Structure formats: C-alpha cells, structure tokens
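# Residue-level structure breakdown
One-letter residues, chain by chain:
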Amino acid sequence: MSRNVPLHPETLAAQALGLIEPGTRAIVPPVHMATTFEREGDLSYAGGVSYARSDGAFATRQAEDLLTALEGGCGALLYASGMAAAAAAFGTLARGDHVVIQQPVYYGVARWLEGPGAALGLGTTTVDGSDLAAFESAIVPGLTKLVWLETPANPTWALTDIAAVAAIAHRAGALVAVDSTVATPVLSRPLALGADLVMHSATKYLNGHSDVLAGALIAAPDRHDLRTRLADLRSENGAVLGPFEAWLLLRGMRTLFVRVRTASATALAIAERFAGDPRLVAVLYPGLPGHPGHDIAVRQMRGGFGGILSIRVKGGREAAVATAAHLHVFKRATSLGGVESLVEHRASIERGPTKTPQDLLRLSVGLENADDLIADLDQALHHV
Ligand code: PLP
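Residues numbered from 1 in each chain as written. Predicted model: local features only at pLDDT ≥ 70, side-chain atom pairs only at ≥ 80, totals over all residues. Heavy atoms only, no water.

What follows concerns the site of the ligand. Lining the immediate surroundings of the ligand are 15 residues, of which Gly82, Met83, Asp179, Ser201 and Thr203 lie closest. Within the side chain of Ser201, one N or O atom sits 2.8 Å away from an oxygen atom of the ligand. Burial of the ligand by the surrounding chains reaches 91%, relative to a free accessible area of 390 Å². Those elements that place two or more of their residues in the shell around the ligand are α4 (82-90) and β6 (197-201). (Near = heavy atom within 4 Å. Polar contact = N/O pair within 3.5 Å; in protein donor to acceptor, adjacent residues only side chain to side chain. Areas by Shrake-Rupley, 256 points an atom, 1.4 Å probe, with all protein chains shown as cover. Helix = DSSP H or I, 4+ residues; strand = E, 2+ residues; numbered from the N terminus.)

Rendered as structure tokens:
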C-alpha cells in the first residue's frame, strides 16, 4: 500500500501510530523515565524537550499524538486524572465568566463547579441536556464562555445533540467542551460535530484495564490558541501525566477499538434481554429504541451505543442493593470501561445530595461472555 494513503483509526491505534524506537528498532517503545534532557552548548535542545513538566515525558507525548489523531484535533494534553483534565479546562476561564453545564452529568464535574469553581468566581447555570431551548436561554452572549456537555451522560446515558448545542453556543461566542469518556473516539467524534474541546477520563475505556488514572483534553483543529493556553497552564500548574502511566495508556489504546466494540455489542445484548423484565422499572441504554436519546444516538454515534447501561430495580434502594449483593461475575466497584464488568449502586457513591434514583444500578460491561453476564444478572434478580 502507498505510504500516502491515510490509515484508518483502528490501524493507527493498533500500531500506536507506527512508533518504532529509532535506536533499537523496537516495535514497542521503551518507557523513558527521564524528567530532564541535555542542552546543547548553544542552549538549544536537540531532542526538542527540556523538562517533563513543561513538555511532557516521551511516552506522554506519544500517547497525546495518538489521541490527537483519533479525535481529529490539533493537539492533546494528558493529565493525572479525568478530574484534573476537567479542572484544567475550567482553569482557562477568568473570574466572572459564566459556564453552562448540562444535567445529567458526571457528579464530580458538577461538584467541582459548585465548590472550587464558585470559589474562583465562575458562575454556573445547569440545563437539561436534551432541551435545546434551555441552552438558548441559559447562554448569555459575551458572558458565557464555556458550555460543558457529556454524552452519553452518567448515569441515565442521556444523549445531547453536540452539533445543535455547538451552533447555539458559537452564535453567542461560547466554546463547547464534551466529556466523551463513555463514547470514546470509537463511537463518536465531537470535534467533527463542532465541539471545541473533548475531555476524557482516560482512566476508563482509553486505558481499559482499571490500572491507570489519567485524563485528556483534545483541542479542535482550529483551536490552536486553546491548546497553547492549556499547555501553558499545565506547565504552570504541573498536573501532567507521568511516563509510566502514559506508557500503559498507550498500550491500552492499541486495543481500544476491539474492546469498545465488543463491550457495546454485549451491553446491547444485555439491554435487549432485560428490557421489559417485570423485575425492573427500566433499562436505560441509548441502543434501545425506547430510550429518549435513541434518535440522537443513531445520528451521532457509529458502530455501537457504548458499553455501559443502568437498570432500575423494582423495590427501590433495598432491592437494588440486594441485586448487586447477589452478583458474582459483575464485580461491585466504582468506575467503568475496564475489561471486567462492574456493578455500582450509583446513588450511594455520589457524595452529597444526588439526583440519581436510589433504585439505579450502573453496569459497566467488560469483555466476558455475554451469556455469563446475562445469567449472573438473571439469578441476582431472582433473589429480590
Ligand atoms: N467523566 C466521567 C464521565 C467519569 O465517569 C469520570 C470518572 O468516573 C470522570 C469524568 C472523572 O475521571 P477520573 O476519575 O479519571 O478523575
């Protein structure tokens, strides 16, 4: 094949952009642990890197380059966690700036805006992510600087129409950031839909093995200004991802496409099997035609609807907790996007007042056999 033919994202991910270590010709790049790099006599840096906090370690830059390619951005930045990445995005704002954030949303981001964000002088308005008119009226031209979306969104997997919100926000001069942790670049490309910034908890699907805490921001192709500002701020604040975590993340991303597609297919099979089950109040999964966000999901996502769903168990909190207690294949733990399936009583993990229904269990579907997961859930529901 000609070297000029652009490669598909699956190929770029599987080969980690085709990285070969120049000295040894190793197919797997080594982890360079160095934090500092020799300077030439004329004060230049032959390797282009001076110090790991300002430039990122080698593995950090390699993982960033792959993420830039997968999201179609102008540059990516890796942070020590997803929350560090979200806080870095809000860190570009100034006292008095206004943020519009959707509901539902990952509770940690909403809490950040209520706490540290408010202390820094950011004003926040929360709107229903499915209500475009609510975005229209909440976004104040000149005052609103950032609109924060998450789609599909914790914990009901509500969909937000990224292109429609971006059009509204851009008319008012506001930027749009999308937490795309659940969709991943496999299923959705927010920058191509008009978003200015994509955020990931790379702790989840990007790494995929429940053994790295990391976060990412990727700026849109025409947002070099934003990327530069974020890079300067990260250097000043110092929350850069270390080389070993970045190396593990890069290794995890090589299997991103097969993991996300398999988990999505299994999640759909589980959702279809339990939809209408008399022991449940609801199955919340965007792949089901009855889900309120299904039409947007069909338009905005390709190749699957994600590897995560929620069930609402008849009998309230007690029945939901008892169901989780009787699961064996699903492990009771927080987080999502790993190779092993997890179940979580979401309301009890969200600190403080929560909008999450007490009867809701969040299921992160891994790579196990679908029949094993379905049988596990079925027997657990028989106990309640
Ligand atoms: N965004 C979403 C959608 C999440 O699920 C999470 C973590 O659960 C975060 C952000 C925060 O990521 P981290 O735990 O890596 O800080």
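Once that is clear, we can look at a nonpolar patch on the surface. A contiguous nonpolar surface patch, about 260 Å² in accessible area, is contributed by Ile20, Ile27 and Val28. Relative to the helices and strands, Ile20 resides in the loop between α1 (9-14) and α2 (52-55). Owing to a relative accessible area of 34%, Ile20 belongs among the partly exposed residues under this scheme. (Patch = residues over 30% accessible without salt bridge, like charges linked within 9 Å, V, L, I, M, F, W, Y side chains within 5 Å. Salt bridge = Lys/Arg side-chain N within 4 Å of Asp/Glu carboxyl O. Buried < 20%, exposed > 50% of the residue type's maximum accessible area, 1.4 Å probe, protein only.)

Right, let's talk about the domain arrangement of the protein chain for a bit. Taken domain by domain, the protein chain comprises domain 1 (9-253) and domain 2 (256-382). Taking only C-alpha atoms into account, the centre of domain 1 sits 26 Å from that of domain 2. Counting residues at the interface gives 38 residues for domain 1 and 39 residues for domain 2. Both sides of the domain 1 and domain 2 interface together cover about 3200 Å² of buried area, and 60% of this is carbon and sulfur. (Domains from an automatic or database assignment. Contact = heavy atoms within 4.5 Å. Buried area = accessible area lost by both parts, 1.4 Å probe.)

In this structure, Phe135, Val147, Leu249, Ile270 and Leu309 are the most contacted members of the largest nonpolar core, which totals 87 residues. Among the elements that line this core, the one with the most residues is helix α11 (residues 256-274), at 7 residues. Taken domain by domain, the makeup of this core includes at least three residues from each of domain 1 (9-253) and domain 2 (256-382). Once you skip the residues sitting within four places of it in the chain, Ile270 turns out to touch Leu309, Phe330, Val365, Leu373, Ile374 and Leu377. Residues Ala85, Leu93, Trp148 and Ala219 belong to the second largest nonpolar core, which totals 28 residues. (Core = buried A, V, L, I, M, F, W, Y, C linked by side-chain atoms within 4.5 Å.)

On to the packing of aromatic side chains. Any pair of aromatic rings gets described here by the distance separating the centres and the angle formed by the planes. As enumerated under the stated definition, the model contains 5 aromatic pairs in all. Plain terms: the ring middles of Tyr106 and Tyr107 are 5.3 Å apart, the flat faces sit at 70° to each other, and that makes the pair edge-to-face. Under the relative-accessibility criterion, Tyr107 is labelled buried at 18%. A connected cluster of aromatic rings, assembled from ring pairs, spans Phe90, Trp112 and Trp148. Positioned above the aromatic ring of Tyr79 is the side chain of Arg234, whose terminal nitrogen or guanidinium carbon lies 5.8 Å from the ring centre. Against the face of Phe274 rests Arg273, its NZ or CZ located 4.4 Å from the ring centre. (Phe/Tyr/Trp six-rings, centres within 6.5 Å; stacked < 30°, edge-to-face > 60°. Lys NZ or Arg CZ within 6 Å of the ring centre and 35° of its normal.)

Attention now goes to α4. With 7 of 9 residues buried, α4 lies mostly within the body of the structure. Three or more residues of α4 are buried, namely Gly82, Ala84, Ala85, Ala86, Ala88, Ala89 and Phe90. Regarding α4, its N-cap is Ser81, as a side-chain oxygen of that residue lies 3.4 Å from the backbone nitrogen of Met83 further along.

This part is about helix α13 (residues 316-325). For α13, the set of buried residues is Ala319, Ala320, Thr323 and Ala324. In a view along the axis of α13, the buried residues occupy a sector of 135°, so they form one face of it. Where α13 is buried, its residues contact β9 (308-313), β10 (331-332), β11 (342-345), β12 (360-364) and α15 (370-382). (Arc of directions from axis to C-beta.)

With that settled, the discussion passes to the sheet that holds strand β1 (residues 75-79). An order of β1-β7-β6-β5-β4-β2-β3 is seen for the 7 strands of this open sheet, with the pairing classed as mixed. Both edges of this open sheet fall to β1 and β3 (123-128), since each of them pairs with a single strand only. Pairwise comparison of adjacent strand axes, ignoring direction, gives a mean angle of 20° for this sheet. Where strand β4 (residues 144-150) and strand β5 (residues 175-179) come together, 5 bridges link them in parallel fashion. The partner of Val147 across the bridge, within β5, is Val176. Helix α3 (residues 58-71) contacts β1, β6 and β7 (215-219) of the sheet and is inclined by roughly 130° relative to β1. Contacts from helix α7 (residues 162-171) reach β4 and β5 within the one sheet, and its direction differs from that of β5 by about 155°. (Pairing = 2+ DSSP bridges. Axes fitted to C-alpha atoms, helices over the stretch in contact; angles between N-to-C directions.)

Here we come to the sheet that holds β10. Across the sheet, which stays open at both edges, the 5 strands sit in the order β8-β9-β12-β11-β10 with mixed pairing between neighbours. Here the strands that pair on one side only, and so sit at the sheet edges, are β8 (280-284) and β10. Bridging between β9 and β12 involves 5 bridges; their strand directions are antiparallel. Residue pairing across strands places Ile311 opposite Leu361, the latter belonging to β12.

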